[in-house]
There are 4 protein chains.
Amino acid sequence: MTQENKKVVLAYSGGLDTSIILKWLILKGYDVIAFLADVGQKEDFEAAKAKALSLGASKVYIEDLKEEFVTDYIYPAFAAGAIYEGRYLLGTSLARPLIAKAQIEVAQKENAAFVAHGATGKGNDQIRFELTYYALQPDIQVLAPWKMPEFLSEFKGRSDMLDFADKHQIPVTASRKKPYSEDDNLLHISHEAGILEDPSAICDEEIYSRTVSPEKAPDTAEFVNLTFKNGHPICLKFLDGGKVVEGSLPIFNALNDLGSKHGIGRLDMVENRFVGIKSRGVYETPGGAILKAAHQDLCGLTIDREVMRLYELFAGKISDLIYNGFWFSPEMDVLSSAAKKIQENVEGDVTLKLYKGVAYPVARTSAKSLYNSELSSMDIEGGYNQVDAGGFIRINAIRLKAHHAIKSLK
Amino acid sequence: MTQENKKVVLAYSGGLDTSIILKWLILKGYDVIAFLADVGQKEDFEAAKAKALSLGASKVYIEDLKEEFVTDYIYPAFAAGAIYEGRYLLGTSLARPLIAKAQIEVAQKENAAFVAHGATGKGNDQIRFELTYYALQPDIQVLAPWKMPEFLSEFKGRSDMLDFADKHQIPVTASRKKPYSEDDNLLHISHEAGILEDPSAICDEEIYSRTVSPEKAPDTAEFVNLTFKNGHPICLKFLDGGKVVEGSLPIFNALNDLGSKHGIGRLDMVENRFVGIKSRGVYETPGGAILKAAHQDLCGLTIDREVMRLYELFAGKISDLIYNGFWFSPEMDVLSSAAKKIQENVEGDVTLKLYKGVAYPVARTSAKSLYNSELSSMDIEGGYNQVDAGGFIRINAIRLKAHHAIKSLK
Amino acid sequence: MTQENKKVVLAYSGGLDTSIILKWLILKGYDVIAFLADVGQKEDFEAAKAKALSLGASKVYIEDLKEEFVTDYIYPAFAAGAIYEGRYLLGTSLARPLIAKAQIEVAQKENAAFVAHGATGKGNDQIRFELTYYALQPDIQVLAPWKMPEFLSEFKGRSDMLDFADKHQIPVTASRKKPYSEDDNLLHISHEAGILEDPSAICDEEIYSRTVSPEKAPDTAEFVNLTFKNGHPICLKFLDGGKVVEGSLPIFNALNDLGSKHGIGRLDMVENRFVGIKSRGVYETPGGAILKAAHQDLCGLTIDREVMRLYELFAGKISDLIYNGFWFSPEMDVLSSAAKKIQENVEGDVTLKLYKGVAYPVARTSAKSLYNSELSSMDIEGGYNQVDAGGFIRINAIRLKAHHAIKSLK
Amino acid sequence: MTQENKKVVLAYSGGLDTSIILKWLILKGYDVIAFLADVGQKEDFEAAKAKALSLGASKVYIEDLKEEFVTDYIYPAFAAGAIYEGRYLLGTSLARPLIAKAQIEVAQKENAAFVAHGATGKGNDQIRFELTYYALQPDIQVLAPWKMPEFLSEFKGRSDMLDFADKHQIPVTASRKKPYSEDDNLLHISHEAGILEDPSAICDEEIYSRTVSPEKAPDTAEFVNLTFKNGHPICLKFLDGGKVVEGSLPIFNALNDLGSKHGIGRLDMVENRFVGIKSRGVYETPGGAILKAAHQDLCGLTIDREVMRLYELFAGKISDLIYNGFWFSPEMDVLSSAAKKIQENVEGDVTLKLYKGVAYPVARTSAKSLYNSELSSMDIEGGYNQVDAGGFIRINAIRLKAHHAIKSLK
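Each value, and the rule that gives it
- Every residue gets a number counted from 1 within its own chain, in the order that chain's sequence is written.
- Chain A is the first chain written and ligand 1 is the first ligand written, with later ones labelled in order.
- This being a predicted model, a pLDDT of at least 70 is required before a residue's local features are given, and a value of 80 or more before pairs of side-chain atoms are given or counted; all residues contribute to the totals for chains, interfaces and linings.
- For side-chain calculations, the full set of non-hydrogen atoms in the structure is used, while hydrogens and water are omitted.
- Runs of E in the DSSP output that reach at least two residues are strands. Runs of H or I that reach at least four are helices, and both are numbered from the N terminus.
- Only protein chains enter the accessibility calculation, which uses a 1.4 Å probe; a residue whose area is less than 20% of its type maximum is buried, one above 50% is exposed, and one in between is partly exposed.
- In this analysis, two residues are considered to be in contact whenever any of their non-hydrogen atoms come within 4.5 Å of each other.
- Alignment of the copies relies on least squares applied to C-alpha atoms, considering only residues that score at least 70 for pLDDT in both.
- Domain start and end points were adopted from an automatic or database domain assignment.
- Throughout, buried area stands for the accessible area (probe radius 1.4 Å) lost by two parts on being put together, summed over both.
- For salt bridges, the criterion is a side-chain nitrogen of Lys or Arg within 4 Å of an Asp or Glu carboxyl oxygen.
- Within 3.5 Å is the distance limit for a polar contact, defined as a pair of N or O atoms, with the added protein rule that one can donate a hydrogen and the other accept it, and that residues adjacent in sequence qualify only through two side-chain atoms.
- Gly is placed with the polar residues, together with every amino acid not listed as nonpolar (Ala, Val, Leu, Ile, Met, Phe, Trp, Tyr, Cys and Pro) or charged (Asp, Glu, Lys and Arg).
- To estimate how far a helix should extend, the number of its residues minus one is multiplied by 1.5 Å.
- Two strands qualify as a pair provided DSSP detects at least 2 bridges between them.
- Lines fitted to the C-alpha atoms define the axes, with helices restricted to the stretch that makes contact. Angles between their N-to-C directions range from 0 to 180 degrees.

Novice: For this particular structure, what's the right way to read the overall build of chain A?
Specialist: A tally of regular secondary structure across chain A gives 13 helices and 14 strands. With respect to the principal axes defined by its C-alpha atoms, chain A has extents near 85 × 60 × 45 Å. Expressed as a percentage of its 410 residues, the buried residues of chain A come to 65%. The contacts of chain A with a sequence gap of at least 6 include a subset with a gap of at least 24, amounting to 71%.

Have a look at this one:
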């Protein structure tokens, strides 16, 4: 790239912050290409495109990444058992590497020397964006205004931003800005910061936007059947009515609708950011919560006990990698490959009862079930000799007896 | 012990099976001491005592272990994050080592050469009983009739047992035996085997006995506040009405009542037994499920991120040890001690919303909170220099760039 | 198989113990097929065959498994970093599953209902044999005389065995039996039990048989170069003289010769058996010790840091599985696959200095080296901005500062 | 601290680099207090003190930390099994937190607002220094000239430094600077960078300074006995001659002498730095290598198998923490405490043969030995029923049989 290359591909959302960044970069002499990734968020993409162009973007890319998001990011992560700190289903974390990858592809196509994003310097998203950039194109140059002293000194608070917007005719949405920040995509919507910063303050019901409250969810349970192959859902059946949904994206959309309707997938927690800060997040992951419950249940039926221990171990590590922005990393390659191998036998059906905030797995079946009713029966022998258990226990006790002898010395 | 020592301390429940074993052991020439542990199960202990004596027991011990169960088993296990295969709260697993320990203490006091129990040779309980026996008294001799060929050949099925009962005037409860087996104590009731053996058959509502169904739970949420110190609950406040409960056992009883009332703590899963068999269990753990939710939430506020990773790792190992019967083992000593150290800072309050099957943590506070609202705020700097994050990310990316170069070679 | 099937395939060594077992099984009415696996041990296979036939074996199989042993067992295990309890290179452990697999294949071919082996009931080998049998043919019936009460009551000590041999004309080697037991194959020879049982007794020099003592090794170092591809050695060059060795088995034979000559690969340790007993073993693994040193060194050059952490974790688990007899298990499949993936980049050359008991890696190079001399140089910048490190450190310190604040409270 | 506080405590070595930094800081207006930590390195401390004062230091602290280094850093780390990437005994890593802690104590005593060090921005030491500073005094300000643009632009290469030294009369040692860098202390000396940067270049014999080459080591082995208590060495006996050494520091000094004499503890490896760079290091750790061999051997005798697995797991994590600079961290507190608990039983004697580069453990004994010669004997029963092993194996095989059935489906 020549010294003259001032092209920058900006991850643009259409909102105030990235609009200001877009204009600011132009004022700094950059040629800005706006990149809009459609990962299922609520957004008027055409309006955003028009806005970007009106602010001076030389080009605008809009890419529909929803199918890829579900197939290559959400399903593999859920198949791998990813869940951060035991609770968070990684809604934002999973979308970032996909967006950044698509953004790098645009940069490569446009031969741009720079990429830019509007994430702050205190959060996780900056890391997820930038590690992906560097992993996929090591020599890319990153413009992250919220970490640039020049930008930070110009925009010390919200009023500076409003002044800048006013001066440069950047439209500020009429509606009052929400007193907290949100990120949404196909998998979830998150609410954090602002009035949510105090972890001892109960989150208002009105903050939730993707799920009804369990109180307002239907008073009657709904039953569905989810079919898996290689740990991925391949078919959703409504047991009442018989509707059948197939295809990655349609299934996930239907799960989202079900979760929203039944108030499933709400979470309010304090979590650990990669930058060493604790933060409080409120999440709504309706379809994801149902998928998680079903998949976990089927794993119980089809995964060998010792493989399950490996699976749990890998799941913890994979979750941290996803959360911390290492989706594209050599260690993730190794773990993904192992997780995929484990999922080869995870197939079959799980019946779920959906009721007021919860997806209860109530029945499961599989052609690859390791469950053997003859073996597990308390009554039937079925190739299991109970007398063997005595030897099993006594051999396991050998160590404990030796330890007892040493303890008795003290 | 002399050759003549034929004393056996039998873990006696008052039910048909252990009554038959009691009589059978007497017929084999043993001097049987019946041992009844009160770990909170529904049982008429005096009636059981009378029954044991009438069948020929030379002595009957009844020991109230409820307080010890809560204080030294349940609370430490929950503080350590114990949960088997991500879901099971270890209700039966935690009671067994306590019962076996108390049984060994009776054997030592009575100078008995034998202990006996009525657990089958295919389940986990035999292991939990016997490993505890051997760990605490290596030279004890164990009589486990369900693993003794002599007993097995005499009792090939239920009708043999009924015949034996009939012959020896062992009362068989009028009520029809439930077509599945149960184990209950303060922490939970489990239902398994029999008609529950088919994991694809939905468990009937009538099988549940300790919780109302979420459908029948109150239509209005109830809020409580649970206070922790060293990871153990020390105070429960009812936010509506202001009732305050203190003391280990009273708090747990109150949590059980709350859970029962709100339909909290039901679980239906296929799990991996230590003997290599998969089994399906249906569990009700009302108080435990509430305690778990609250404790996990407070850990998020008070445990450092990297300590949390150790905690999660230890929790997985501790869970396996508890499930597999290694409560009394050198490895458990090490892990318990580490878990206890981690819990030193886990103190504070969690507010829970209880509603139709779920305990939602909605607010939390702690004098030892590691949450710093200034740091986590997106707006305020508070000692955190956003520019630092750029260096943090670039250094983290060094490895990824090197990996990219190697990958490009292929 | 019919009720009449009395065919048993016996893992036969040609020694006294398995000869007695062979005869004993025949006396019990079995049709015995002797199976001799050549895994590189010092043995006169033809003499052993003649002996088996003379004792009444209906058939004798001799199979040369050396190439398979090196290619599919030794090299993959070393590539996976397998080493038990930090020291033992798993010489016996790796041969057992291969022998048992070949034995099962004979049983399947011969349609035999039984397999038998001569391992004792206190060691690890019985487990490695039998778990392999069951894993590969679940309905096989195992005859392990040293665990059969009938056999044990007949052979209470060595004199019973000598009497039996005498009675049945089983030749007892003229040479006095060594006062300890040995197992040898291509990878190692082990010495244990008997006079070696006391871990405080120094092992006599004369016990070692495969390596010269370091004292008697050459006084001049020898240099070789070992080339790897996918973590397996593919070429050995003698730097002095220029001899080149290729091919899995020839390379390993040459490494063994080198190790023997330079007194490399001796080990004297107390280890933990799977049955819960500690035992003391003295091992000689000449070629293996050289291979280990070279491979570990090359991993340092070619494996990413975080992948290395996974590698170390997997290596520990794989080592336990191999030692405990779970070579053929679902968990081993998962871990082997992951280990293989990690080794894809482990290629290049390691120069070793061999001198009096040690193989010192002294130089290494790789086309897939992740070592970047510009980056690691203290003087040259090379794409690394030292200023970034300040941010990296300060962000890493955020947690520590928060922890300090909490600690100060106490 | 007031705005006027310009006091800085500099970790001063007496060498050219920190002398230049000392003078440079004074020129920038700082009041420099030189801090010299004696951790056993070869240094003329009085000459260094005079040099610092002559360059303008307002004060000089010399602190003898050798005893503390051995007792509170080296021995606990070795007891915890710390070894980085399977090979490096952490010589530099262990000294840094101690030096930094002592430096902070001086800063607190002197009420200095700043601390400074001369480590580069590409290595590990900067991290170890600075994380310790921040962990122990969160509001300390760190001056790390090699990461300060102002300093870097002034000193672009070695000639700039020599010019500066010339101008400010900083003595440059007559002896030609070694073409690589070194760090030494009681535990080790490291050699890296410069001519050692090329990992394919064999390290010259003359670079080694603390050990004789194995070739020049005595031709006769020497035997010593090392006694441990709680995993720490408490007594060293020379078996030939009978000399006895006691006391933490005297024992370690004697081990160093033994190692140096016998050419023990050399290591040449490529390792992974925390900043994501690979580097090649050549180390000499004579006493440490002997201590490591002895301690590992005694662990084999006294630690239960499952506790050993925890120990190995913790050792890996502890090693990373030490290497990466997290000696003072909440996670290290947890792991140290667990490691200490495990070592409670590690006591007894190990006899070592020292010969040409290797410390061979040849015998070991302990009052807390878990080795039971009756149990491990192949001949004697001793409370172990071989028949039990059959049950043990068959129960362990249950899973494998189920897995076989599923695999057969494919």
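Novice: Help me understand the relation of the copies chain B and chain D, please; the structure alone is not making it clear to me.
Specialist: Each of the two chain copies goes to the other by way of a rotation about an axis and a shift along it. Rotating chain B by 180 degrees about the axis while translating it 0.0 Å along that axis superimposes it on chain D, leaving an RMSD of 0.0 Å. What the rotation and shift describe, once combined, is the action of a two-fold rotation axis. Identified as the residue of chain B closest to the rotation axis by C-alpha distance is A338(B), at 2.8 Å. By residue overlap, the copies meet face to face through one surface: 100% of the interface positions of chain B are interface positions in chain D.

Novice: Would you mind showing me how to read the relation of the copies chain D and chain C here?
Specialist: Rotating chain D by 180 degrees and translating it 0.0 Å along the rotation axis places it on chain C, where the RMSD comes to 0.0 Å. A share of 100% of interface residues in chain D that are also interface residues in chain C marks the association as one of identical surfaces.

Novice: Even after reading the chapter, I still don't get the domain arrangement of chain A, so can you show me in this structure?
Specialist: For an interface, size is often stated in terms of accessible area lost upon the parts coming together. All names here are of chain A. Domain boundaries in chain A define domain 1 (4-66 + 89-176) and domain 2 (189-365). Between domain 1 and domain 2, the C-alpha centre-to-centre distance is 29 Å. Taken residue by residue, the interface counts 18 residues in domain 1 and 19 residues in domain 2. Around 1500 Å² of area is buried between domain 1 and domain 2 when both sides are counted, 72% of it from carbon and sulfur atoms. The interface formed by domain 1 and domain 2 contains 0 salt bridges. Run the count over domain 1 and domain 2 and you get 4 residue pairs in polar contact (both at pLDDT 80 or more). Each residue belonging to the side of domain 1 that touches domain 2 can be placed in one class, and the counts come to 8 nonpolar, 6 polar and 4 charged.

Novice: Even after reading the chapter, I still don't get unusual backbone geometry, so can you show me in this structure?
Specialist: The phi torsion of most residues other than glycine is negative, and most of the peptide bonds are trans. All names here are of chain B. For L90, which is not glycine, the phi torsion reads 65 degrees and is therefore positive. With respect to the helices and strands, the residue L90 is situated in the loop between α3 (66-79) and α4 (91-110). The phi dihedral of N111 is positive, around 55 degrees, even though this residue is not glycine. Turning to its location among the elements, N111 is positioned in the loop between α4 and β4 (114-116). Among the residues examined, N111 registers a relative accessible area of 45% and is labelled partly exposed.

Novice: For this particular structure, what's the right way to read the interface of chain D and chain C?
Specialist: On the side of chain C, 100 residues touch chain D, which itself brings 99 residues to the contact. Carbon and sulfur atoms make up 58% of the surface buried where chain D meets chain C, a total of about 8700 Å² over both sides. For D268(C), the salt bridge is made with R364(D), and the minimal N-O distance between the two is 3.0 Å. Seen at the junction of chain D and chain C, the total is 37 residue pairs in polar contact (both at pLDDT 80 or more).

Novice: Please clarify how helix α1 (residues 16-27) of chain A should be interpreted in this entry.
Specialist: Counting along an α-helix, one turn takes 3.6 residues, and residues three or four places apart therefore face a common direction. Residue and element names in this part refer to chain A. The terminal C-alpha atoms of α1, which comprises 12 residues, lie 16 Å apart, in line with the 16 Å expected from a rise of 1.5 Å per residue. With 9 of 12 residues buried, α1 lies mostly within the body of the structure. Of all the positions in α1, only L16, T18, S19, I20, I21, L22, K23, W24 and L25 are classed as buried. In the segment just after α1, G29 is the residue with positive phi, at about 100 degrees.

Novice: Would you explain the sheet that holds strand β7 (residues 189-192) of chain B in this entry?
Specialist: The strands making up a sheet are joined through hydrogen bonds of the backbone, oriented either antiparallel or parallel. All names here are of chain B. Judged by pairing direction, the sheet is antiparallel, and its 4 strands sit side by side in the order β6-β7-β12-β11 without closing on themselves. Two strands in the sheet have a free side with no partner beyond their single neighbour: β6 (181-184) and β11 (266-272). Direction aside, the axes of adjacent strands within the sheet are offset by 25 degrees on average. As judged from the 7 bridges shared by β11 and strand β12 (residues 278-284), these two strands associate in the antiparallel manner. Residue pairing for β12: E271 is matched across the bridge by S279.

Novice: Quick question: what am I supposed to make of the side chain of T132(A) here?
Specialist: All names here are of chain A. Along the chain, T132 falls in helix α5 (residues 125-136). A polar contact of 2.8 Å, which involves the side chain of T132, links it to the backbone oxygen of R128. In this structure T132 touches P97, A100, K101, I127 and F328, once residues within four positions along its chain are discounted.

Novice: I tried to follow the interface of chain B and chain D on my own but got confused; where do I start?
Specialist: Contacts between chain B and chain D engage 22 residues on the former and 22 residues on the latter. Summing the contributions of chain B and of chain D, the shared interface buries around 1800 Å²; its carbon and sulfur component is 83%. Ranking the residues of chain B by area buried against chain D places L310(B), V334(B) and K341(B) at the top, with a combined share of 26%. Our count for the contact surface shared by chain B and chain D stands at 0 salt bridges. Viewed at the interface, chain D and chain B are joined by 0 residue pairs in polar contact (both at pLDDT 80 or more). Mapped by element, the contributors of at least two residues to the side of chain B that touches chain D are α10 (305-324), α11 (330-342) and α13 (386-409) of chain B. It is α11(B) that provides the largest number of residues to the side of chain B that touches chain D, a total of 9 residues. In terms of residue class, the side of chain B that touches chain D is built from 13 nonpolar, 2 polar and 7 charged.

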